[in-house]
Amino acid sequence: AIGHYSLGNLEHEEENLETALIYYLKAEELDAYNWRIKGAIASIWLEKGDSVRALSFYEKAHELESKNAALLTDVAACQREENLILKAHENLVKAVELEPDYAFARYSLGKLYLDQKFYTSAEEQYSYALDLDPDDVYAQNGLGDVYRFQEKYRPAIKTYQKSLDLSEGDGYALYHKAFCHL
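Computed from a predicted model, the values in this text were never measured in an experiment.

**Considerations on the overall build of the protein**
Tallying secondary structure elements over the protein gives 11 helices and 0 strands in all. Along its sequence from the N terminus, the protein presents helices and strands in the succession α-α-α-α-α-α-α-α-α-α-α. For the protein, the C-alpha atoms occupy an extent of roughly 60 × 30 × 25 Å along the three principal directions. When the 182 residues of the protein are sorted by exposure, 43% land in the buried category. When the 19 positive and 32 negative side-chain charges of the protein are each reduced to one mean point, those points stand 5 Å apart.

Encoded structure:
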């Protein structure tokens with residue numbers, strides 16, 4: 001199983017999704033209880049745009065490895081894609097409880113709150129993510145969005161500018177910073 005899994009990883013790195021999937025599925029046949037293999041299969045399905053299949057494999061991986069914050073964050077991402085907001089929220093909260101300093105879980109929870117217009121909660125999560133990883137352009141942009149949607153344009157501009165400085169010209173930040181100047 002490990003050989004097929006390793007070959008799948010190599011093909012995945014080369015963006016040969018079909019070949020990677022074949023190797024991963026063969027690895028799963030040989031080791032049906034390996035959560036990493038199921039997670040790899042899920043990531044391929046997600047990259048191919050099939051969030052239903054991805055969610056199915058992420059959930060199977062989670063059944064085998066329930067204390068993994070990164071895996072819970074991946075499950076929640078698929079649940080968001082399928083508009084299963086309450087389940088996504090539940091899994092992101094669990095991920096943060098399991099690993100409070102996992103910046104991507106904080107970012108993902110902030111994005112979920114922002115999408116639901118819970119601006120105070122979104123700001124808290126994005127700020128926490130930025131405390132953990134000050135160079136996270138996505139969290140900077142998310143925090144800028146929180147400010148912009150609340151019409152707090154000065155902090156939005158400052159936050160988008162930081163994103164621009166970090167990313168050397170992030171188009172998203174540039175566009176929304178310009179919007180705040182209107």
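**Re the pattern of salt bridges**
One pass over the full model with this rule turns up 8 salt bridges. Between K26 and E29 there is a salt bridge, with the nearest N and O atoms lying 3.5 Å from each other. Of this pair, K26 and E29 both sit in helix α2 (residues 17-30), 3 residues apart, which is roughly one turn of the helix. Between D115 and K111 there is a salt bridge, with its nearest N and O atoms 3.7 Å apart. Within this pair, D115 and its partner K111 are both found in helix α7 (residues 103-115), separated by 4 residues, close to a single helical turn. Residue D115 is classed as partly exposed on the basis of its relative accessible area of 34%.

**Notes on the packing of helix α3 (residues 35-47) against helix α4 (residues 51-64)**
At a minimum axis distance of 8 Å, the contact between α3 and α4 shows a crossing angle of 165°. One finds that α3 runs roughly antiparallel with respect to α4. By crossing handedness, the relation of α3 to α4 is classed as left-handed. Residue-level inspection shows W35, K38, G39, I41, A42, S43, W45 and L46 of α3 in contact with α4, the latter providing S51, R53, A54, F57, Y58, K60, A61 and L64. Counted by class, the contact of α3 with α4 contains 10 nonpolar, 3 polar and 3 charged residues.

**Some words on the packing of aromatic side chains**
All chains considered together, the criterion is met by 7 aromatic pairs. Residues Y113 and F118 carry aromatic rings whose centres are separated by 6.4 Å and whose planes lie at 70° to one another, so their mutual orientation is edge-to-face. Site record: aromatic cluster; members linked through ring pairs are Y102, F104, Y107, Y126 and Y138. The ring of Y128 carries R106 above its face, with NZ or CZ at 3.6 Å from the centroid.

**Some points on a negative patch on the surface**
A cluster of acidic side chains, namely E13, E14, E15 and E47, defines a negative patch on the protein surface. Structurally, E14 is set in the loop between α1 (2-13) and α2.

**Considerations on unusual backbone geometry**
The residue E15 is not glycine, and still its phi comes out positive at about 65°. Residue placement: E15 occurs in the loop between α1 and α2. The phi torsion at E151 lies on the positive side, around 60°, for a residue other than glycine. For E151, the position within the fold is in the loop between α9 (137-149) and α10 (153-167).

Reading the values: rules and limits
- Residues numbered from 1 in each chain as written.
- Predicted model: local features only at pLDDT ≥ 70, side-chain atom pairs only at ≥ 80, totals over all residues.
- Heavy atoms only, no water.
- Helix = DSSP H or I, 4+ residues; strand = E, 2+ residues; numbered from the N terminus.
- Buried < 20%, exposed > 50% of the residue type's maximum accessible area, 1.4 Å probe, protein only.
- Lys, Arg positive; Asp, Glu negative; His and termini not counted.
- Charge placed at Lys NZ, Arg CZ, Asp CG, Glu CD.
- Salt bridge = Lys/Arg side-chain N within 4 Å of Asp/Glu carboxyl O.
- Axes fitted to C-alpha atoms, helices over the stretch in contact; angles between N-to-C directions.
- Parallel < 35°, antiparallel > 145°, perpendicular 65-115°, else oblique.
- Left-handed = near helix turned anticlockwise from the far one by under 90°.
- Contact = heavy atoms within 4.5 Å.
- Nonpolar A, V, L, I, M, F, W, Y, C, P; charged D, E, K, R; others polar.
- Phe/Tyr/Trp six-rings, centres within 6.5 Å; stacked < 30°, edge-to-face > 60°.
- Lys NZ or Arg CZ within 6 Å of the ring centre and 35° of its normal.
- Patch = residues over 30% accessible without salt bridge, like charges linked within 9 Å, V, L, I, M, F, W, Y side chains within 5 Å.
- Areas by Shrake-Rupley, 256 points an atom, 1.4 Å probe, with all protein chains shown as cover.

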